[in-house]
Amino acid sequence: MTITVKPDEGYELDELTVTDKNGNELTLKDKGNGKYTFTMPDGDVTINVEKNAKTYEVNVAPLTNGEITASAKEAAEKETVILTAKPVTGYALKAGSVKVTYKDADNTDKTVEVKADTEKANTYTFAMPAYPVNVSAEFVKEYKVTAAPADNGTVTVDPTAAVEGTDVTVTVKAADNYQLKADSLTYSYQIGEDKKTEKLTVTDGKATFKMPAADVTVSAAFEALTATCLLYTSPS
């Protein structure tokens, strides 16, 4: 007797058993291509088929200066896979560097949409395609942003550490009866032997700059407001 098993798309055979009328399991021979044979006993038989959703491998590439972990080593089509990035100290995940790719049936490279978790830092998700996938990412050096102490006012920076190309926001606030001294708000850094100091333009108490590939120090000076005296002369 021959049995042909053809699971639905996206599923695979997990277990196939045939038992006789007394509950004894019969020997099956796998003939390939979903065909199995057994010797028919004297009496009825029961055929039991169990299937599981077909799963595909999630392969994470070896990385430097950090690691990516996947919530599953294998996943079924359309299953959500969670990726968690963990950079080593002094490094950060490069924006937009998390990639999930695969080769389709025509051996064409395809990219899977990766979504960043809006509530958890360094966490991403994607929907598993019906192919094994490769996960990659890049970790880059993170640099410090320091606000130098200032008299008669405050200078704050956000963030206090960033990778090259990140927008850094500087906020200045003068004490009562003081103001920011003209052209005094600057950021300084050094790359190799090259030292640079750049002026910042303040709008509504804030200024921004692009993070260079070096630690940065932000400085400012505040000066006392100049009193203006008005002389009134009565008409003669």
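This structure is a prediction, so every number in the text was calculated from the model and none was measured.

Caption draft 1: Spatial organisation of the overall build of the chain. Looking only at helices and strands, the chain features 0 helices and 25 strands. Here the chain has a C-alpha radius of gyration of 33 Å; the compact-globule value for 236 residues is 18 Å, and the former is much larger. Dimensions along the principal axes, computed over C-alpha positions, put the chain at roughly 135 × 50 × 30 Å. By residue count, 27% of the 236 residues in the chain fall in the buried class. Averaging the coordinates of the 25 positive side-chain charges in the chain and doing the same for the 36 negative ones gives two points 3 Å apart.

Caption draft 2: Representation of the layout of surface pockets within the structure. Taken as a whole, the largest pocket encloses approximately 240 Å³ of empty space. For the largest pocket, the lining is made up of 14 residues, of which Lys-94, Val-140, Val-163, Glu-164 and Thr-166 are closest to its centre. Among the secondary structure elements, those contributing two or more residues to the lining of the largest pocket are strand S10 (91-93), strand S16 (139-147) and strand S18 (161-163). Among the elements that make up the lining of the largest pocket, the one with the highest residue count is S16 (4 residues).

Caption draft 3: How the structure looks around the sheet that holds strand S4 (residues 35-37). Read across the open sheet, the 3 strands follow the order S1-S4-S3; overall the sheet is antiparallel. The open sheet has two edge strands with one neighbour each: strand S1 (2-4) and strand S3 (29-32). Sheet twist, expressed as the average angle between the axes of neighbouring strands with direction ignored, equals 30°. Across 3 bridges, S1 lies against S4 in antiparallel orientation.

Caption draft 4: Spatial organisation of the environment of Ala-75. By the secondary structure assignment, Ala-75 is in strand S8 (residues 74-76). Judged by its relative accessible area of 0%, Ala-75 falls in the buried class. Spatially, the C-alpha atom of Ala-75 lies 37 Å from that of Thr-39, the residues being 36 residues apart in sequence. For Ala-75, the residues in contact, after removing those within four places along its chain, are Lys-54, Thr-55, Tyr-56, Val-81 and Met-128.

Caption draft 5: Representation of the pairing of strand S21 (residues 186-191) within the structure. The pairing of S21 with strand S22 (residues 194-199) spans 6 bridges and is classified as antiparallel. Bridge assignment links Ile-191 to a residue of S22, and that residue is Asp-194. Hairpin geometry of S21 and S22 is characterised by an intervening segment of 2 residues between the two adjacent antiparallel strands and by a positive phi of about 65° at Gly-192. In terms of strand pairing, S21 meets strand S24 (residues 216-219) through 3 bridges, oriented antiparallel. Residue pairing for S24: Ser-188 is matched across the bridge by Thr-217.

Conventions used here
Residue positions are counted from 1 within each chain, in the order its sequence is given. Local features are withheld for residues below a pLDDT of 70 in this predicted model, meaning they are given only at 70 or higher, and side-chain atom pairs are given and counted only at 80 or more; totals for whole chains, interfaces and linings count all residues. As a convention, hydrogens and water are excluded, and side-chain values are obtained from all of the structure's heavy atoms. Helix and strand definitions here come from DSSP, where helices need a minimum of 4 consecutive H or I residues and strands a minimum of 2 consecutive E residues; each element is numbered from the N-terminal end. Two things to know: the radius of gyration comes from C-alpha atoms, and the globule rule equals 2.2 Å times the number of residues to the power 0.38. To sort residues, take the accessible area from a 1.4 Å probe on protein chains only and compare it with the maximum for the residue type: under 20% means buried, over 50% means exposed, and anything in between is partly exposed. Under the counting rule used here, the positive set is Lys and Arg, the negative set is Asp and Glu, and His together with the chain ends is not counted. Charged groups are reduced to one reference atom each: NZ for lysine, CZ for arginine, CG for aspartic acid, CD for glutamic acid. Grid spacing is 1 Å over the protein atoms alone, the probe is 1.4 Å, and a cavity is where that probe fits but cannot get out, while a pocket is an open set with protein on both sides within 12 Å along at least five of seven lines and lining residues have an atom within 4 Å of a point. Grid points are joined across faces, edges and corners, and a volume is the space filled by probe spheres set on the points. Should DSSP find at least two bridges between two strands, the strands are taken to pair. Fitting a line to C-alpha atoms yields each axis, with helices limited to the stretch in contact; the angle taken between N-to-C directions then spans 0 to 180 degrees. What makes two residues a contact is simply this: any of their non-hydrogen atoms within 4.5 Å.

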